[in-house]
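Spelled out from the first residue to the last, the chains are:
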Amino acid sequence: MIQSTLIYRYDALPLCGSVDDNNDPALVDQKKKCKILISRITPNSEPQATIESGEYNIHYLIASSIIYICICEKSYPRKLAFSYLQEISHEFQNSHGTEALGSTARPFGFSSFDNFLSKTKKIYQDQRAQSNLDKLNNDLADVKKVMTKNIEDLLYRGDSLDKMSDLSSSLKSDSLKYRRRAQRINLEALIRQYIPVVGVSLIFLFLIWYMFLRR
């Protein structure tokens, strides 16, 4: 289920956050990690991604220079999480988009939006609602190509949310795969090239050995 929702600007200004009943220290820790995560987001970052963090997944969506984040239990469907983020991003943009990006915006200056967050979260929490959303909404987010990262890699190992980082990882993987394949092909070519020579040599040695024994 969705545990918490955060809305920030690109410059890390907090605009709104859900009022959460769950004060579990683990969830509080996830919110702290979200703040660090937001500081790592740049104009080159993927517009949406999933960050695996212990028992939770942190999903984010960037739209019109505003970052929408939800913290969910790991078992909660990613497709629903991103559909939830899309829905609140559309509503927030329509209601407060221009004002939120203005110079007069203040930290948590849009707390009234929490009413919409609460109502929408309830819709996505209810199992029957989830079933209806799956059946009726053909525009549910396609999450097959959404970047997935690990929070430890991002915070402590220098990994990046940039669009090219996944491509770079993929290219490295492909390069290694093709290198191994080339090595195997070269080995097979060498075997095919030298097997006849080795075979003839063995036959020749066998004949010499046979003739030597007959003496």
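Since we're looking at a predicted model, the values are computed, not measured.

**Notes on the confidence of the model for the protein chain**
A residue-level look at the protein chain finds 67% of positions with pLDDT of 70 or above and a mean pLDDT of 78. No element of the protein chain has a lower mean pLDDT than helix α4 (residues 127–136), which averages 56, and none a higher one than strand β5 (residues 66–73), which averages 95.

**Focus on the packing of helix α2 (residues 78–100) against helix α3 (residues 114–125)**
Relative orientation and spacing of two packed helices are given, respectively, by the angle between their axes and the distance between those axes. Relative to each other, α2 and α3 sit at 155°, their axes nearing to 11 Å. Taken as axis vectors, α2 and α3 run roughly antiparallel relative to one another. α2 and α3 meet at a crossing whose hand is right-handed. Contacts between α2 and α3 involve Leu80, Ser83, Tyr84, Glu87, Ile88 and Glu91 from the former and Phe116, Leu117, Thr120, Lys121 and Tyr124 from the latter. Classifying every residue of the contact of α2 with α3 gives six nonpolar, two polar and three charged.

**Comments concerning the pattern of salt bridges**
If charged atoms from side chains of opposite charge come close, those side chains can pair. Taken as a whole and judged by the stated rule, the model has four salt bridges. For the salt bridge of Arg9 with Asp11, the shortest nitrogen-to-oxygen distance reads 2.7 Å. Owing to a relative accessible area of 13%, Arg9 belongs among the buried residues under this scheme. A salt bridge links Lys33 to Asp29; the nearest nitrogen and oxygen atoms lie 3.6 Å apart. Placement of both Lys33 and Asp29 in helix α1 (residues 25–40) is noted, with a separation of four residues, approximately one turn of the helix. By relative accessible area, Lys33 is classed as buried at 14%. Each of Asp20, Lys31 and Lys121 takes part in a single network of salt bridges with overlapping partners.

**Details of α3**
One turn of the α-helix equals 3.6 residues, which is why residues spaced by three or four share an orientation. Taking 1.5 Å of rise per residue, 12 residues should cover 16 Å, and α3 covers 16 Å from first to last C-alpha, within 8% of that figure. Regarding α3, the residues found buried are Asp114, Leu117, Thr120, Lys121, Tyr124 and Gln125. An end-on view of α3 places all buried positions within 140° of arc, on one side of the element. Pointing more than 90 degrees away from the buried face of α3 are the exposed residues Asn115, Lys119 and Lys122.

**A closer look at the side chain of Ser4**
Counting through the fold element by element, Ser4 comes out in strand β1 (residues 2–9). Among the polar contacts listed, one links the side chain of Ser4 to the side chain of Asp20, at a separation of 2.7 Å. When neighbours within four sequence positions are excluded, Ser4 is seen to be in contact with Ser18, Asp20, Leu27, Lys31, Ile69, Cys70 and Ile71.

**Details of the pairing of β5**
Counting buried positions over the eight residues of β5 gives seven, a clear majority of the element. In this structure, β1 lies alongside β5, joined through seven bridges in antiparallel fashion. Following the sheet pairing, Tyr8 is matched in β5 by Ile67. Pairing of strand β4 (residues 56–63) with β5 involves eight bridges; the strand directions are antiparallel. Within β5, the residue paired with Ala63 across the bridge is Ile66. Counted between consecutive antiparallel strands, the loop separating β4 from β5 contains two residues, among which Ser64 sits at a positive phi close to 55°.

**Focus on the state of the cysteines**
Per the stated rule, a full pass over the model turns up zero disulfides. Left unpaired, Cys34 is separated from the closest cysteine sulfur, that of Cys70, by 9.2 Å. Cys34 gets classed as buried once you look at its relative accessible area, which sits at 0%. Between Cys72, a cysteine without a disulfide, and Cys70, which holds the nearest cysteine sulfur, the sulfur-to-sulfur distance is 3.7 Å.

Analysis parameters
Residues numbered from 1 in each chain as written. Predicted model: local features only at pLDDT ≥ 70, side-chain atom pairs only at ≥ 80, totals over all residues. Heavy atoms only, no water. pLDDT = per-residue confidence, 0-100. Helix = DSSP H or I, 4+ residues; strand = E, 2+ residues; numbered from the N terminus. Axes fitted to C-alpha atoms, helices over the stretch in contact; angles between N-to-C directions. Parallel < 35°, antiparallel > 145°, perpendicular 65-115°, else oblique. Left-handed = near helix turned anticlockwise from the far one by under 90°. Contact = heavy atoms within 4.5 Å. Nonpolar A, V, L, I, M, F, W, Y, C, P; charged D, E, K, R; others polar. Salt bridge = Lys/Arg side-chain N within 4 Å of Asp/Glu carboxyl O. Buried < 20%, exposed > 50% of the residue type's maximum accessible area, 1.4 Å probe, protein only. Expected span 1.5 Å × (residues − 1). Arc of directions from axis to C-beta. Polar contact = N/O pair within 3.5 Å; in protein donor to acceptor, adjacent residues only side chain to side chain. Pairing = 2+ DSSP bridges. Disulfide = S-S within 2.5 Å.

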